[in-house]
Amino acid sequence: MSREMRGSGTVYKRGNVWWIQFCHRGESKRESSHKPDRKDALKLLKKRIGESASGRVLGSVAEKITLEEMAKALLSNYRLLENRSVSTAEYFTKNLLDHFGKEARAVDIKSDKIGEYIEARQAVMITVKKPPGQPDAEEEKARRFSNASINRETACLRHMFNLMVEAKRLSRDDVPSVPRLEEAPARQGFLDPPEFAALQKALPAYLQNAVHFLYVTGWRKGAMRSLQWARDIELERDDDGNITGGAITLQALYSKNKLAWKIAISGDLVEIIRRAWADREAQCPYVFQNDGAPIGDFRKAWSKARKAAGFPWLLVHDMRRSCARNLSRAGVPDQVSMRITGHVTQSMFDRYNVTDDREVKEAIVNVSDYIAKKAAKPPTVVPMERKSA
């Protein structure tokens, strides 16, 4: 058995294959070069000693990590943290596994391979079903996979790598650079109060009060559907028993950001809660209900109502944008508005607080009037005379 490079590691021959031996963090490591040539073993030994000296995860460990193993770690992490988007992550990981293969090594997934994946996804044509009620000839249409969807998938891949780095099974150097595609601008859908009134009239009776609640509070439809009288509603009444106020609490379980928050029953909410109380069913604990049953999926009713009101593009989530916009236009401070809508960051609230061309036009008129009024008044600052040198 031939040995070399004593003190820095050793190469030796076992049968027809050369092996290496070195010390890493006080522990002796042995690894086969899988080659019959001593030069290959020396090259591998030099690589491993360099990895050990720089504190990197040894290649013998990193090279065993597969994409399937990383995908399982990601989904396990999502379930451990009770992340509500587990099903979405499962869809993303399936697409990644289908493209790269389950046995693909993490160290082989480089930036160029990710670029090829992105190009392949951009070429995919998907079928989008039209909302119910449209002519059969327009039942389906095809469009390309959006850049936003591809960004979510590559972000999922990046998350996999980062989890392996945290587990010290990959080094930071093993994490590839992931390009981010330019995405379409944020949606600008919203309704001004007169437009909402037209929509509300077009909705079926059981949805009119519920959607009005969404328009006033900016809550998500899942949060609205979760509200229960005994658990979430505190009512204040006058001497005649009429509802005059109180509070509504959203449980953390039904909040997207897993934070509970409370809003006061005031303004239009008083009338909304009064109507819900008058329409309640004894056997149904939910604030907003349909003939004693919880409000379920109402996409068909929504599609019919938005077309009848003249807003075929409108989404239920646009009620959230409308609320953020109304709060801002009413002069409510952003921090207070965010406590009503449940937005955690200022940047996300600003994303929902959209501005239209009419407001820009009005702003220019207002500033022009301001300049004209100020120009008509005598100056209040008198220029100082220069002193001669």
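Structure shown above.
Residues numbered from 1 in each chain as written. Predicted model: local features only at pLDDT ≥ 70, side-chain atom pairs only at ≥ 80, totals over all residues. Heavy atoms only, no water.

Before going further, it helps to spend a moment on the pairing of strand β1 (residues 10–14). Strand direction decides the pairing type here: β1 and strand β2 (residues 17–24), joined by five bridges, are antiparallel. Counterpart to V11 in the pairing with β2 is I20. (Pairing = 2+ DSSP bridges. Helix = DSSP H or I, 4+ residues; strand = E, 2+ residues; numbered from the N terminus.)

As a further point, take the pairing of strand β6 (residues 233–237). Along a regular strand, successive side chains alternate from one face of the sheet to the other. Taken together, the five bridges between β6 and strand β7 (residues 243–250) define a ladder with antiparallel strand orientation. By the bridge assignment, E234 is partnered in β7 with A247. Between β6 and β7, which pair antiparallel one after the other, the connecting turn spans five residues, and G241 there sits at a positive phi close to 90°.

Now for the sheet that holds strand β8 (residues 261–264). Read from one edge to the other, the open sheet built from three strands follows the order β6-β7-β8, with strand pairing classed as antiparallel. Unpaired on one side and paired on the other, β6 and β8 mark the two borders of the sheet. On average, each strand axis in the sheet is inclined to that of its neighbour by 15°, with strand direction left out of account. (Axes fitted to C-alpha atoms, helices over the stretch in contact; angles between N-to-C directions.)

The next point concerns the packing of helix α3 (residues 67–80) against helix α6 (residues 147–166). At their nearest, the axes of α3 and α6 sit 9 Å apart, and the two run at 90° to each other. What the angle tells us is that α3 and α6 run roughly perpendicular. In contact with L67, M70, A71, A73, L74, N77 and Y78 of α3, α6 contributes C156, L157, H159, M160, F161, L163 and M164. Of the residues that constitute the contact of α3 with α6, the class distribution is 12 nonpolar, two polar and no charged. (Parallel < 35°, antiparallel > 145°, perpendicular 65-115°, else oblique. Contact = heavy atoms within 4.5 Å. Nonpolar A, V, L, I, M, F, W, Y, C, P; charged D, E, K, R; others polar.)

Estimates place the volume of the second largest pocket at around 530 Å³. Lining the second largest pocket are Y78, R84, S85, T88, A89, F92, R152, A155, C156 and K256. Partitioning the lining of the second largest pocket into residue classes produces five nonpolar, two polar and three charged. (1 Å grid on protein atoms, 1.4 Å probe; cavity = no way out; pocket = protein on both sides within 12 Å on 5 of 7 lines; lining within 4 Å. Points joined across faces, edges and corners; volume = space filled by probe spheres on them.)

Further remarks concern unusual backbone geometry. The phi angle at E82 is positive, at roughly 55°, despite the residue not being glycine. With respect to the secondary-structure elements, E82 resides in the loop between α3 and α4 (86–100). Judged by its relative accessible area of 63%, E82 is exposed. Positive phi, normally seen in glycine, also occurs at K168, with a value near 60°. Counting through the fold element by element, K168 comes out in the loop between α6 and α7 (193–202). (Buried < 20%, exposed > 50% of the residue type's maximum accessible area, 1.4 Å probe, protein only.)

Right, let's talk about the sheet that holds strand β3 (residues 27–32) for a bit. If you walk across this open sheet you meet the three strands as β1-β2-β3, and the pairing is antiparallel. Looking along the sheet, the strands with just one partner apiece sit at the ends: β1 and β3. Neighbour-to-neighbour, the strand axes of the sheet open up by a mean angle of 25°, direction not taken into account.

Let us now look at the pattern of salt bridges. This model, assessed by the stated rule, comprises 13 salt bridges. The residue E90 makes a salt bridge to R79 at a minimum N-O spacing of 3.0 Å. Of this pair, E90 sits in helix α4 while R79 sits in helix α3, and the two are 11 residues apart along the sequence. For E90, a relative accessible area of 35% puts it in the partly exposed group. For R325, the salt bridge is made with D192, and the minimal N-O distance between the two is 2.6 Å. One end of the pair, R325, is in helix α13 (residues 318–329); the other, D192, is in the loop between α6 and α7, with 133 residues separating them in the sequence. Each member of the pair, R325 together with D192, is buried. Through salt bridges with shared partners, a single ionic network connects R152, R180 and E183. (Salt bridge = Lys/Arg side-chain N within 4 Å of Asp/Glu carboxyl O.)

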